[in-house]
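Listed here are the chains, written in short residue letters.
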Amino acid sequence: MGGTDRRLVDDERLRPVLLPALRADFTMHETYRYTPDEPLDCPVTAFAGSHDDDAPVEDVLGWREQTGGTFRLEVLDGGHFFIASERERLLALIGDALAVEAEPVT
């Protein structure tokens with residue numbers, strides 16, 4: 001159940017809806033591999049947690065093969081849910097990536 005708030009899991013009213021969704025998410029996580037017919041024609045910035053056992057940096061590097069454009073990897077402190085502990089840094093990095101890749105509007 002990873003980062004799912006225990007209050008949600010413990011709520012008996014939500015359990016019939018929540019548990020099947022969590023099971024489906026876990027199954028998808030274990031089996032899904034994105035393989036496009038040809039590399040994407042766009043830049044990719046991937047984010048990884050430095051201590052993520054579910055998606056180690058080596059696995060996240062696989063996104064490099066999915067693009068014919070530029071590839072950047074940003075490693076943030078934390079595990080699989082680094083977004084909670086690195087929120088401000090992550091938002092700044094996303095903003096920087098978007099600003100670099102954006103074309104001026106005339």
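Just so it is clear, the structure is predicted and the values come from calculations on it, not from any experiment.

## A word on the overall build of the protein
Link 1 in the chain: Per the secondary structure count, the protein includes 5 helices and 2 strands.
Link 2 in the chain: For the protein, the sequential pattern of α-helices and β-strands runs α-α-β-α-β-α-α.
Link 3 in the chain: The buried share of the protein, reckoned over its 106 residues, is 20%.
Link 4 in the chain: Long-range pairs, those at least 24 residues apart, make up 61% of the contacts in the protein between residues at least 6 apart in sequence.
Link 5 in the chain: Surface accessibility of the protein: about 8200 Å² in total, with carbon and sulfur atoms responsible for 55%.

## Quick word on the pattern of salt bridges
Link 1 in the chain: For the structure on display, the rule yields 2 salt bridges.
Link 2 in the chain: Between Arg13 and Asp11 there is a salt bridge, and its shortest N-O distance comes to 2.8 Å.
Link 3 in the chain: Two residues, Arg72 and Glu74, come together in a salt bridge whose shortest N-O distance is 2.9 Å.
Link 4 in the chain: On the basis of relative accessibility, which here comes to 28%, the residue Arg72 falls in the partly exposed class.
Link 5 in the chain: A residue is classified by how much of its surface remains accessible, and Glu74, at 15% relative accessible area, is buried.

## Let's talk about the environment of Gly78
Link 1 in the chain: On the secondary structure map, Gly78 appears in the loop between strand S2 (71-76) and helix H4 (82-85).
Link 2 in the chain: Along the primary structure Gly78 and Ala48 are separated by 30 residues, whereas in three dimensions their C-alpha atoms are 8.7 Å apart.
Link 3 in the chain: Setting aside anything within four residues of it in sequence, one finds Gly78 in contact with Gly49, Ser50, His51 and Asp52.

## Some thoughts on the environment of Leu61
Link 1 in the chain: Note that Leu61 resides in the loop between helix H3 (57-60) and S2.
Link 2 in the chain: With a relative accessible area of 28%, Leu61 lands in the partly exposed category.
Link 3 in the chain: Sequence-wise, Leu61 and Phe47 are 14 residues apart; in three dimensions their C-alpha atoms are separated by 9.4 Å.
Link 4 in the chain: Leu61 has contacts with Phe71 and Leu73, leaving out every residue within four places of it along the chain.

## Considering the confidence of the model for the protein
Link 1 in the chain: Overall, the prediction assigns the protein a mean pLDDT of 82, with 87% of residues at 70 or greater.
Link 2 in the chain: The element-level mean pLDDT for the protein is lowest in helix H1 (residues 6-10), coming to 76, with S2 highest at 93.

Conventions and cut-offs
- Residues numbered from 1 in each chain as written.
- Predicted model: local features only at pLDDT ≥ 70, side-chain atom pairs only at ≥ 80, totals over all residues.
- Heavy atoms only, no water.
- Helix = DSSP H or I, 4+ residues; strand = E, 2+ residues; numbered from the N terminus.
- Buried < 20%, exposed > 50% of the residue type's maximum accessible area, 1.4 Å probe, protein only.
- Contact = heavy atoms within 4.5 Å.
- Areas by Shrake-Rupley, 256 points an atom, 1.4 Å probe, with all protein chains shown as cover.
- Salt bridge = Lys/Arg side-chain N within 4 Å of Asp/Glu carboxyl O.
- pLDDT = per-residue confidence, 0-100.

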